[in-house]
Structure formats: C-alpha cells, structure tokens
Amino acid sequence: MAGALLLTALAVCGVPAAVAADGTKDAGPGAYASITLDQAVELALKNRPEPKTKLHQAGALKAKSIAAKKLPDPMISGGLAVPFTDPLAFPEASVMISQSFPLSKELKHSSQVFKKQAEAVEAMAGADALDIVYDVKTSYIAVAELQEQIRVLGEIEGLAAVVATSTNARIAAGMGDASMAARAQAEVEKVKSERESLEASLPGRKALFAAAAGIDPASIEQAAFTLPPMPSTDEGIDGAIAKALKSSPEIEAAGAEIAASEAEKKAAKAGFLPMMTVGAGYAYKSDKLMGLMGKDAFMVTIGITVPIWFKKTKAMVDEAGENAAAMASMKKEVEVKIKQQVAMAYAELMKAEAEHRSLVESVIPQITLAHDLTLASYAAGSGDLTDVI
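Residues numbered from 1 in each chain as written. Predicted model: local features only at pLDDT ≥ 70, side-chain atom pairs only at ≥ 80, totals over all residues. Heavy atoms only, no water.

(A) Representation of the sheet that holds strand S3 (residues 92–102) in the model. Taken together, the four strands give an open sheet; going across it, the order is S2-S3-S5-S6, and neighbouring strands pair in antiparallel fashion. Both edges of this open sheet fall to strand S2 (75–81) and strand S6 (297–304), since each of them pairs with a single strand only. Strand-to-strand twist in this sheet, taken as the mean axis angle between neighbours without regard to direction, amounts to 20°. Pairing analysis gives eight bridges linking strand S5 (residues 275–285) to S6, with the strands arranged antiparallel. Paired with Met 276 across the bridge in S6 is Ile 304. (Pairing = 2+ DSSP bridges. Helix = DSSP H or I, 4+ residues; strand = E, 2+ residues; numbered from the N terminus. Axes fitted to C-alpha atoms, helices over the stretch in contact; angles between N-to-C directions.)

Encoded structure:
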C-alpha cells in the first residue's frame, strides 16, 4: 500500500533530476553498495533502447524532409532522324536537357510534413522515457519496501527473542510453566519464518529492477535501496495539472501531428496548380539539307501539365483535413486523460501524506509507549505473555 501511494506521489511530481551514477551498464558483480532512486532513473534512461529507437525513426523522417524539398532530377534526351530512302545517311541529330518544377509551394509543404512528423516521433521518445522512468521507479520502490520490511521483521525477531529470554527467566523463578516458553519461542520462529520468506523473494525483486534499469543483476546483489521521501504538495492540484500538461510529450506529439496534417493539406492543395518543364537543346543539321534546314540550331522548350483531375486532388485535401481534425480531437482527449490521472494521483498523495503525518505524530509514539510499558511490566513479572505478543 505504501509503495503504491509513494509511486503515485512520484508520478505527480514528474521525473527527478538524476545525479551522477557510480556505475555503467556493464558494471560487474557487487558494483553497487547502494543505489538511489535518481541513480536508477539515470541508468535506465542511459541503458534502455526504446527512446533511441524513436530517435532513429525521427532521423529517418528528417532525411525524408530534406529529400522532399528537392526538385526532381533533370532529364537528358536525344533524337536521330534517318530517312527511309537512305538509312546510312545522317541528316539530323539532337540532344536536349529539361527540368520540371511545380508552380506552387508543393515541395516546401511536403518537406514540412516529414519535418513535423519527425518532431512528433521525437516527442514520443520522451513518452517512452517517461514509461521507462515509471517502470524503474516501480521496481525500485518494490525492492526498497521489501528491504525495509525485512529490516523491521529483523527488529521484531530480536524483540521476540528478548521476550523468550524473559519468559525463560520467569519460568526459572517459578512464575510460569513450559507452555509459556513454547509460545514465546513459537513467536520467534514465526517472525523468523516471515523474514526468511521475504529474504528469499528479494533476489527476484532485484532482478526485475535490474531488467528495468538495464543493468547486470549481479551488480546490485548487495546494494541497499532507500525509500525516497514524500514529495511536496505545495504547488496544489492546479499547479500539478498545469505542470503535467506543459511537460506532456503526448500533447507535444499531438501538436506536431496536427501541424504535419496541416502541411499535408497545403501540399494537397498545391495539386490544383500545374507543373512546368523547361528544356534547352542543340540540333545538328546535315549540309545536304537545303536552305535553313541545313543549319545547326539551338532549341528551347516549355511544357506545362494540365491538372484536370480535380476530384482526386480534392479528396486528398479532404483526407488531410480530416487527419488534422482527428489529431486535434486526440490532443483534447490526451489533455482530459492527463487531468484525470493527475487529479487521482494528487488525491492519493494527499491521503498518503495525511496517513504518514498521523503515523509519525500520533500512532507510532503511542504504540511504542504501550509496547515499552507492557514489556517492562512483563519483565518485572506482573504482565501477561499474551499482551506482549
């Protein structure tokens, strides 16, 4: 329960700034005598591959963005005229180079589509990083809680042993029978069994943490884990929500996807405008040709496409518009989801804070006092074993 509450609290406060780790992914057995939550987060972000995958995908889209704004390659063409009556004659030959380009900003908008898509993927790399942080925090706190439970059970076992010793002393003084000693020793064995059971599960918990952090399980075999303190709630629920919305990679990614769809819509609209092709060439003329037909010539050509398939282009424009509207709606969904999650987490944090304050200020002091008085009374020979246990 405490771990769930603490994890909820950490989720509200976001990712802590990591301190320098004293090891690497390849750290050997026993490399860590202790490890903090911040070190765990830093190691996980360094070693886990998920964000790197997204960043490579974003790099590919950036490369496509550069390619998309370039003109198509020019074309070189040639021709040879041979009369049917004299196939061996060589009266005319020509060569020409031409270049096509749009009469719109289609290339610019197409490039922008890939650029914004790259930004969206980069933002989702941040989302992957947050998932990793949550994963490693969950496993870290599970280990820290287990170690704390083992420590507390060790103290209880020690107290039970004291009670057993005191019971034996009372029996020796004629103030009890063998059944009291058996009950006292049974309590010692019970606590010892619980402690040993938890200790047996500790390597498995540490192995789960090691997988989350991307490190060798052997490197943390002897490492001590420490439960982090409860984060502050001074910023209030409104501040927590505003912070979460501002730093959310999902919202950032949705905004980039909206921009990509808008650019795609502009690129589709550019399809209503024609493409132009400009060419220049040289023609060789045989001296056997009469008059001007026998003189070499330079040539210039101009061509233009006729965009007549308006329905196809309009459908592409409509598709891009619908994609933009869908992403805008998705962004609002993400915002609502974040607000709900932060509100629930903040409520759990406030509850945990109140429970912790009550335990520290009231419950634990009273229980400690009652325990000390009961144990002292029993040691003096006036208390009952049942009250001590």
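Past the structure itself, the notes keep going.
(B) Examining the confidence of the model for the protein more closely. Scored by pLDDT, the protein has a mean of 82; 84% of the residues are at 70 or more. Residue range residues 1–25 is modelled with pLDDT below 50. Its contacts to residues more than four positions away, or to other chains, number 63 contacts. (pLDDT = per-residue confidence, 0-100. Contact = heavy atoms within 4.5 Å.)

(C) Structural context of helix H4 (residues 106–172). With 67 residues, H4 ought to run about 99 Å at 1.5 Å a step, and its terminal C-alpha atoms sit 99 Å apart, in line with that. The positive-phi residue at the C-terminal boundary of H4 is Gly 174, with phi of around 80°. (Expected span 1.5 Å × (residues − 1).)

(D) Region of interest: the packing of H4 against helix H7 (residues 249–269). It is the contact of H4 with H7, at a shortest axis distance of 8 Å, that shows an interaxial angle of 165°. Classified by the angle between their axes, H4 and H7 sit roughly antiparallel to one another. Here the hand of the crossing between H4 and H7 comes out left-handed. Of the residues in the contact of H4 with H7, the class split is 13 nonpolar, five polar and eight charged. (Parallel < 35°, antiparallel > 145°, perpendicular 65-115°, else oblique. Left-handed = near helix turned anticlockwise from the far one by under 90°. Nonpolar A, V, L, I, M, F, W, Y, C, P; charged D, E, K, R; others polar.)

(E) Looking closely at the nonpolar core. Ile 35, Val 136, Tyr 140, Phe 209, Ile 215, Ile 220 and Phe 225 are the most contacted members of the largest nonpolar core, which totals 25 residues. Elements represented by at least two residues in this core include exactly helix H2 (37–47), H4 and helix H5 (178–213). Top element by residues in this core is H4. It accounts for nine residues. Those residues within four positions of Ile 220 in sequence are excluded, and the remaining contacts are Tyr 32, Lys 206, Phe 209, Ala 210, Ile 215 and Phe 225. Core analysis: the next-biggest nonpolar cluster, separate from the first, contains eight residues, Ile 241, Ile 251, Val 334 and Val 342 among them. (Core = buried A, V, L, I, M, F, W, Y, C linked by side-chain atoms within 4.5 Å. Buried < 20%, exposed > 50% of the residue type's maximum accessible area, 1.4 Å probe, protein only.)

(F) How the structure looks around the pairing of S3. As judged from the seven bridges shared by S2 and S3, these two strands associate in the antiparallel manner. Looking at the pairing, Ser 77 lines up with Met 96 of S3. In the sheet, S3 pairs with S5 via eleven bridges, with the strands oriented antiparallel. Bridged to Met 96 within S5 is Gly 281.

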